[in-house]
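Structural overview
Here's the letter readout for the chains.
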Amino acid sequence: MKNKKITIIVIITLLIALITTIVLICIKPNKNENPPDVPPSIEDPTLPSQPSNPNEQLKTYKQNLNYTESIEKIDNPDQGFYRPIYVKVTESGTTFNKNAITKNTQLYHLRVDISQFSSKVNNSEDKLLTTEALNGIEELLNHLKQNNKNAIIRFSYDPNFGGKANTEPNPTIIYEHIKQVSGILNKFYNTLTAIEAGLIGPWGEMHTSVIANATYISPIIETFLANTNRIPVLVRTPKMIYDYLGITINEIDNYTIDKNSKAYYLGLYNDGYLGSSTDLGTYTNRLKEIEFLSKQTNHLPFGGEVVAPNSTLHNIDVCLPEMNKINLNYLNIEWNNEVIDKWKNSHYTNMCGNDETYYNQTAFTYIENHMGYRYVLTNSVFEYSNKFDKINISLSFNNVGFGNLNKQKQSKLIFVNENNEIKFTKQLDNFMQTNNVSYSTPLNLENGKYKVYLSLFGEELNNNLLYAIKFANSNLWNNELQANLIGEININK
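Residues numbered from 1 in each chain as written. Predicted model: local features only at pLDDT ≥ 70, side-chain atom pairs only at ≥ 80, totals over all residues. Heavy atoms only, no water.

Quick look at the overall build of the chain now. Scanning the chain from terminus to terminus reveals 10 helices and 20 strands. When each of the 493 residues of the chain is scored for burial, the buried share is 51%. Restricting the contact set of the chain to residue pairs at least 6 apart, pairs at least 24 apart contribute 76%. Total accessible area on the chain stands at roughly 24,300 Å², and carbon and sulfur atoms take up 48% of it. (Helix = DSSP H or I, 4+ residues; strand = E, 2+ residues; numbered from the N terminus. Buried < 20%, exposed > 50% of the residue type's maximum accessible area, 1.4 Å probe, protein only. Contact = heavy atoms within 4.5 Å. Areas by Shrake-Rupley, 256 points an atom, 1.4 Å probe, with all protein chains shown as cover.)

The interhelical angle for the contact between helix 3 (residues 131-146) and helix 4 (residues 171-185), taken along N-to-C directions, is 35°, at an axis separation of 10 Å. For the element pair helix 3 and helix 4, the recorded crossing hand is right-handed. Facing Leu 134, Ile 137, Glu 138 and Leu 141 of helix 3, the residues of helix 4 in contact are Gln 180, Val 181, Ile 184 and Leu 185. Looking at side-chain class alone, the contact of helix 3 with helix 4 contains 6 nonpolar, 1 polar and 1 charged residues. (Axes fitted to C-alpha atoms, helices over the stretch in contact; angles between N-to-C directions. Left-handed = near helix turned anticlockwise from the far one by under 90°. Nonpolar A, V, L, I, M, F, W, Y, C, P; charged D, E, K, R; others polar.)

Before going further, it helps to examine the side chain of Glu 168. You can see Glu 168 is positioned in the loop between strand 5 (150-156) and helix 4. An unpaired buried charge is present at Glu 168: no salt bridge exists, and Lys 120, the closest side chain of opposite charge, is 5.0 Å distant. Reaching out from Glu 168, the side chain makes a polar contact with the side chain of Ser 209 at a distance of 3.1 Å. (Lys, Arg positive; Asp, Glu negative; His and termini not counted. Salt bridge = Lys/Arg side-chain N within 4 Å of Asp/Glu carboxyl O. Polar contact = N/O pair within 3.5 Å; in protein donor to acceptor, adjacent residues only side chain to side chain.)

Here we take up the pattern of salt bridges. Taken as a whole and judged by the stated rule, the model has 21 salt bridges. When salt bridges with common partners are traced through the structure, they connect Arg 154, Glu 196 and Asp 271 into a single cluster.

Right, let's get into the packing of aromatic side chains. Taken as a whole and judged by the stated rule, the model has 18 aromatic pairs. Here Tyr 242 and Phe 292 contribute two aromatic rings whose centre-to-centre distance is 5.5 Å and whose plane-to-plane angle is 70°, an arrangement assigned as edge-to-face. Pair noted here: Tyr 242 is in helix 6 (residues 238-245) and Phe 292 is in helix 7 (residues 286-297), with a separation of 50 residues, a long-range link. With relative accessibility at 3%, the residue Tyr 242 sits in the buried group. Each member of the aromatic cluster is reached from another via a ring pair, and the members are Tyr 348, Tyr 358, Tyr 359, Tyr 366 and Phe 402. Above the plane of the ring of Phe 364 lies Lys 344, whose end atom (NZ or CZ) is 5.0 Å from the centre. Note that Lys 407 overlies the ring of Tyr 189, its terminal NZ or CZ placed 5.2 Å from the centroid. (Phe/Tyr/Trp six-rings, centres within 6.5 Å; stacked < 30°, edge-to-face > 60°. Lys NZ or Arg CZ within 6 Å of the ring centre and 35° of its normal.)

Here we come to the environment of Gly 201. Take Gly 201: it is sitting in the loop between strand 6 (192-199) and helix 5 (214-227). Between the C-alpha atom of Gly 201 and that of Ala 212, which follows or precedes it by 11 residues, the distance is 7.1 Å. When near neighbours in sequence (up to four residues on either side) are disregarded, Gly 201 contacts Ser 156, Asp 158, Lys 164, Glu 168, His 207, Thr 208 and Ser 209.

This is the structure we're talking about:
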């Protein structure tokens, strides 16, 4: 009887446990349903976040590229050795030698003779530039743009740039001429490296004239800066900058020009470069003024012509530190031959610096390769999952040039298949002076191998990318695309 009672108790206990379990199951919410008052888009923070598909896990792939600097000469926009082009402007139009523009030179110095509009040359009256004259100047700049070339431009009233003084018209006409040409210059922001203010004196070098003083030069500067848009305006001496700013050389030590000031685009060209301790009168206090100027040349081009008087300043071991400090961008390949030959016959050694890549290369090669910016790609990493629906790209650079990239560039990714067909492009954020960039883009490409290129360019014309930057790495540049190889992706979904 006792065993029977125990059996009944056990059965009742099991029934109670069973009923309790059923009740708990019925009232417990499904883990795939949202608890009351919680929006469907909010996940339970107590639950671990896991990809719905293990194939979505991102993996990183360092690209197998050459990350060392090449010693190749690179004709990048807005820098290097230039060649001069002489331009004659008359009432009926503009003449220049189109054959002077060759594939071997990227940068030109346009020496634009507008002396026919000065009464001191035409022996009649001061005149405004005619429509035909202005159209001719625009045609010249458009010809350069069509050929993907850059130019520094300087206007002068010196007939044929022959070295004649005091040929300028009335200053009010000079200011009107600046306003007239500025409307055209603004159309060619990517083409024009800089405006050398010029206009006064022999060769437009702003000296040896009765009006070569602040009374007339400061208004010339103001008129250029007020009527052009972001195009650097360069004058012949630092004093011209101080006069415009209303300061003296004694006030420049801690003086910085604000980014929002028109004068932020005011710099220097030096046609007495390395000729003497003062660069033939360019400087009053060389070290002090270069320190001041370097704040401007950090974002503006600086260059000119080297000269040959007995000077040790253009010795390779002497000139390189200053070239780096002043951010040298450009020089005239045709002047001065004595200095150019000196550089071609001397060499970069460990006495000049620690850049082993250039040991025993000529001084000319070193200077030519380092004027302006020179980007070396130092790392390229792709990140994507096995779904191949998105790619993240991280790039690192080293700018080994004397100068910096002074213009913002557009950026574009280009994916090319094994048949050299462009299958996908992606416009990205604009590129400016930097050591690192990161890009991300969705992908929707068929299975296959793709080379990935990056173009950093100024503008697009008739489906051609103009003024693109070439990296100083071997075997990365694609001339047809105007882009640099940054890696490959093998899509296998």
